[in-house]
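# Summary of structural features
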Amino acid sequence: MASRAPLFLLVICFCCCSGHAKSFIKVVCDTTITGQVAHQSMLTCKVETTQEIPDLNIAVVVWKKPGDDQFLSALDRRPDKKNKFPPGYKVTLNDRTVSLVITDPKVKDEGVYSCLVMTDSGNAETTTYFKVTAKYEAPSVDSIDEKVVPNAHKSLICKATGGYPLGKLRWFDDKNTEWTKSAEPTIVNQTEDGLLEISSKLPLMKLSTSDEYICVVYNASDGKEGSAKIRTDDPDYDPSIQNPSKTSLSAIIAPVLVIGSLIVGLLLALLICRRRSQRTHDMVPNTDQVIDPPPPYCEEFKDNMA
């Protein structure tokens, strides 16, 4: 706390001076600056003048974050002043651009920051909001036996972790039909580092007809960040419960196909036997056939020869 005392005094001095001295400068920052957890971020503002000042001298730049975890980091360019920044933070000055570098942003770094600038032409202050984001990891989906929800035999549980701010989980089937409205309200847990874990439960009714469900995680801006699939026709599921319509249809079609095949086979066998019997009958001579006597001129021809 003692190391912060000079900075507090500097800020108090700044406030007193800015209240009584006319300033010809202003500090301009973006309203919101977005950074990502574990990726270096920079809060940047520009010092502008209300009149032409070619040799503006920026003496002190102070960044502070009010709140319970009040943060102060300052760059003091006055003679004989040494700068010592808090771990993970650094104030930089490039021409008339002042910046606060956060090397390893965390959820706790999110909030409103004030940028105070002291120059030889006056002082100015402005604020900006640092918004922290973190991408959700790919979700995981598991199935459990359902004993609470009426008419449901299974439930699918989808979880996504490591994201920020609060996102959403949505359910789809293999035909891209959305089932999110059938799911229970999303459960949200926050870890020690401020990141979020969200989970969703989708009960499967006994008349469910889909064999595959997809859980998709979206960030706070409705951007898709990952998905996971699960099939409900695995060996752990009772197919007669999971899809009775398909089972009943199979029970009808299978016997019909078997009986039809038997009938066709019998007809072919009868046809083949009949053709073979017909061919055999044509090849064997008929012993009961009556042979006509030879014509009379044959007898006369024999007598003449004798």
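Use the structure listed above.
Residues numbered from 1 in each chain as written. Predicted model: local features only at pLDDT ≥ 70, side-chain atom pairs only at ≥ 80, totals over all residues. Heavy atoms only, no water.

You can see K65 is positioned in strand β4 (residues 58–65). Judged by relative accessible area, K65 falls into the buried class, the value being 7%. Within polar-contact distance, the side chain of K65 engages the backbone oxygen of E110 at 3.5 Å. (Helix = DSSP H or I, 4+ residues; strand = E, 2+ residues; numbered from the N terminus. Buried < 20%, exposed > 50% of the residue type's maximum accessible area, 1.4 Å probe, protein only. Polar contact = N/O pair within 3.5 Å; in protein donor to acceptor, adjacent residues only side chain to side chain.)

In this section: the packing of aromatic side chains. Tallying each qualifying case throughout the model produces one aromatic pair. Consider the rings of Y113 and F130, whose centres lie 6.3 Å apart with planes at 75 degrees: the pair is edge-to-face. In this pair, Y113 is assigned in strand β8 (residues 111–119) and F130 in strand β9 (residues 122–133), connecting sequence segments 17 residues apart. Of the residues examined, Y113 reaches a relative accessible area of 1% and is grouped as buried. Owing to a relative accessible area of 0%, F130 belongs among the buried residues under this scheme. For the cation-ring pair, R170 lies above Y218, with the distance from its terminal atom to the ring centre recorded as 4.9 Å. (Phe/Tyr/Trp six-rings, centres within 6.5 Å; stacked < 30°, edge-to-face > 60°. Lys NZ or Arg CZ within 6 Å of the ring centre and 35° of its normal.)

Under the counting rule described, the total for this entry stands at two disulfides. Paired by a disulfide, C29 and C45 hold their sulfur atoms 1.7 Å apart. In this structure the cystine formed by C29 and C45 twists about its S-S bond by roughly 110 degrees; its chirality is therefore right-handed. Highlighted residues: C29 in strand β1 (residues 25–29) and C45 in strand β3 (residues 41–49), separated in sequence by 16 residues. C45 carries the same exposure label as C29, and that label is buried. The disulfide partner of C158 is C215, and the S-S distance across this bridge is 1.9 Å. Where C158 bonds to C215 through sulfur, the torsion about that S-S bond is close to -85 degrees, and the disulfide is left-handed. (Disulfide = S-S within 2.5 Å.)

So, on to the sheet that holds β8. One open sheet accounts for five strands, arranged β2-β9-β8-β4-β5; its pairing is mixed. Both outer strands of the open sheet, β2 (32–36) and β5 (71–76), are each paired with one neighbouring strand and no more. Averaged over all neighbouring strand pairs, the angle between strand axes comes to 25 degrees, with direction disregarded. The pairing of β8 with β9 spans nine bridges and is classified as antiparallel. Bridged to V117 within β9 is A124. (Pairing = 2+ DSSP bridges. Axes fitted to C-alpha atoms, helices over the stretch in contact; angles between N-to-C directions.)

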